[in-house]
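# Examining the three-dimensional arrangement
The primary structure of each chain is shown beneath.
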Amino acid sequence: MEKTSLPANQSQWISDNTYYVAENTILQSSGSNNIKRIKIIIEEGCTLSISPSVKSFADETEIEIDGELKIDSDVAFGTKTLLTINSTGKLSITSGHIATFNPCSIIDSFKGKIEIENDATINLKENTILQLSNHPISGNGNLHGIFARIDAPIVQIFCDGITVDGDWSVDRAYPQWFATIDTSKGNMPADYDWAKPINKAIDFKRTGEVFLPRGLYTICSTIFVKDGICLMGTGNRPDGLLDN
């Protein structure tokens, strides 16, 4: 089947079409921000850059990334956007820019990479799901949740430079999400201070449960347990609460 190349100007898009990015492309807008609903497949080794003239994408847009999607503008993705980042794929938000995903979107990065550069931000609105696993979000930017959800295993999913704030619809938070060591195989080095990732998990959760899976946690500094936080773990107590 012949592949249709993505037109570099939005005015040439046809609704519900599937377009391929087979070479480095800079996406432009002709002035109309009412972008049509389409599916975009960015092939491996290719980059689709979103220029500052582009302000929004339509609801239910699908983007599959085997190369790189580079956000060089403040852009909003419509409701029910599906963004799939495959094992060779990467989503990059460049310095100072904001990418907003409107309600009920899905960012599937179980296999791919996400980088948020200095002073850049990803906003995730209500019921948007961020799926993470193999690679923690890197960079020195911000991830802001507006009652969004995270689907991830109990491993590091945020690099140390990422600021995570806002409100999140998660049942529990794990210090391992914020740890700067690989804990995927139960690695718990005795010289690692767990106070920092535990405090980050507390700040992230705000109220509710922060859960510590079974293991030996070395604490070298203060843990600040705030009102409304329940610090839970797999311990000897039948109720799961941690002893003082």
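The structure we're discussing is the one just above.
Summarised in this report is the structure supplied together with it.

Each value, and the rule that gives it
- Residues numbered from 1 in each chain as written.
- Predicted model: local features only at pLDDT ≥ 70, side-chain atom pairs only at ≥ 80, totals over all residues.
- Heavy atoms only, no water.
- Helix = DSSP H or I, 4+ residues; strand = E, 2+ residues; numbered from the N terminus.
- Rg over C-alpha atoms; globule rule 2.2 N^0.38 Å.
- Buried < 20%, exposed > 50% of the residue type's maximum accessible area, 1.4 Å probe, protein only.
- Contact = heavy atoms within 4.5 Å.
- Areas by Shrake-Rupley, 256 points an atom, 1.4 Å probe, with all protein chains shown as cover.
- Lys, Arg positive; Asp, Glu negative; His and termini not counted.
- Charge placed at Lys NZ, Arg CZ, Asp CG, Glu CD.
- Pairing = 2+ DSSP bridges.
- Salt bridge = Lys/Arg side-chain N within 4 Å of Asp/Glu carboxyl O.
- Axes fitted to C-alpha atoms, helices over the stretch in contact; angles between N-to-C directions.
- Phe/Tyr/Trp six-rings, centres within 6.5 Å; stacked < 30°, edge-to-face > 60°.

Secondary structure assignment for the protein yields one helix and 20 strands. Taking 244 residues into account, the globule formula puts the C-alpha radius of gyration at 18 Å, and the protein, at 20 Å, falls close to it. In terms of overall dimensions, the protein has C-alpha extents of about 65 × 30 × 30 Å along its principal axes. Here the protein holds 244 residues, and the buried ones make up 46% of them. Taking the contacts inside the protein whose residues are at least 6 apart along the sequence as the reference set, 32% of them involve residues at least 24 apart. Working note: accessible area of the protein is about 11700 Å², and carbon and sulfur atoms make up 46% of it. Across the protein, 21 positive and 31 negative side-chain charges occur, with their mean positions spaced 2 Å apart.

Let us look at the pairing of strand 16 (residues 142-151). For strand 13 (residues 121-124) and strand 16, the ladder comprises four bridges, and the chain directions are parallel. For Asn123, the partnering residue across the bridge sits in strand 16 and is His144.

This paragraph deals with the pattern of salt bridges. Two side chains of opposite charge can pair, provided their charged atoms sit close to one another. In this structure the tally under the stated criterion is nine salt bridges. Measuring nitrogen to oxygen at the nearest pair gives 3.0 Å for the salt bridge that ties Glu60 to Arg37. Highlighted residues: Glu60 in the loop between strand 4 (47-50) and strand 5 (62-65) and Arg37 in the loop between strand 2 (25-27) and strand 3 (39-42), separated in sequence by 23 residues. Since its relative accessible area comes to 37%, Glu60 is described here as partly exposed. Judged by its relative accessible area of 34%, Arg37 is partly exposed. The partner of Lys200 in a salt bridge is Asp160, and the shortest N-O contact between them spans 2.9 Å. Of this pair, Lys200 sits in helix 1 (residues 195-205) while Asp160 sits in the loop between strand 16 and strand 17 (163-168), and the two are 40 residues apart along the sequence. Judged by its relative accessible area of 39%, Asp160 falls in the partly exposed class. Linked by salt bridges that have partners in common, Asp16, Arg37 and Glu60 make up one network.

The next subject is the sheet that holds strand 18 (residues 172-173). Taken together, the three strands give an open sheet; going across it, the order is 18-19-20, and neighbouring strands pair in parallel fashion. A strand with exactly one partner marks an edge of an open sheet, and here the two such strands are strand 18 and strand 20 (229-233). Sheet topology note: the strand 19 (residues 208-212)/strand 20 ladder contains five bridges and is parallel. Bridge assignment links Glu209 to a residue of strand 20, and that residue is Cys230. Helix 1 rests against strand 18, strand 19 and strand 20 of the sheet, and its axis sits at about 155° to strand 19.

What follows covers the packing of aromatic side chains. Under the criterion given, the structure shown has 11 aromatic pairs. Ring geometry for Trp168 versus Phe204: centroids 5.6 Å apart, planes at 35°, classification tilted. Residue Trp168 is located in strand 17, and its partner Phe204 is located in helix 1; the two are separated by 36 residues in the primary sequence. Residue classification places Phe204 among the buried positions, given a relative accessible area of 4%.

A few words on the environment of Ala58. Considering the arrangement of structural elements, one finds Ala58 in the loop between strand 4 and strand 5. Look at Ala58 and you get buried, because its relative accessible area is 15%. Counting along the chain gives 43 residues from Ala58 to Ser15, while the straight-line C-alpha distance between them is 9.7 Å.

We now examine the sheet that holds strand 9 (residues 90-93). What the six strands build is an open sheet, ordered 2-4-6-9-12-15; its pairing is parallel. One side of each edge strand has no neighbouring strand; the edge strands of this open sheet are strand 2 and strand 15 (138-139). Two strands pair when backbone bridges link them, and strand 6 (residues 68-71) and strand 9 are joined in this way by four bridges, in the parallel orientation. Within strand 9, the position partnered with Ile71 by the bridge is Ile93.

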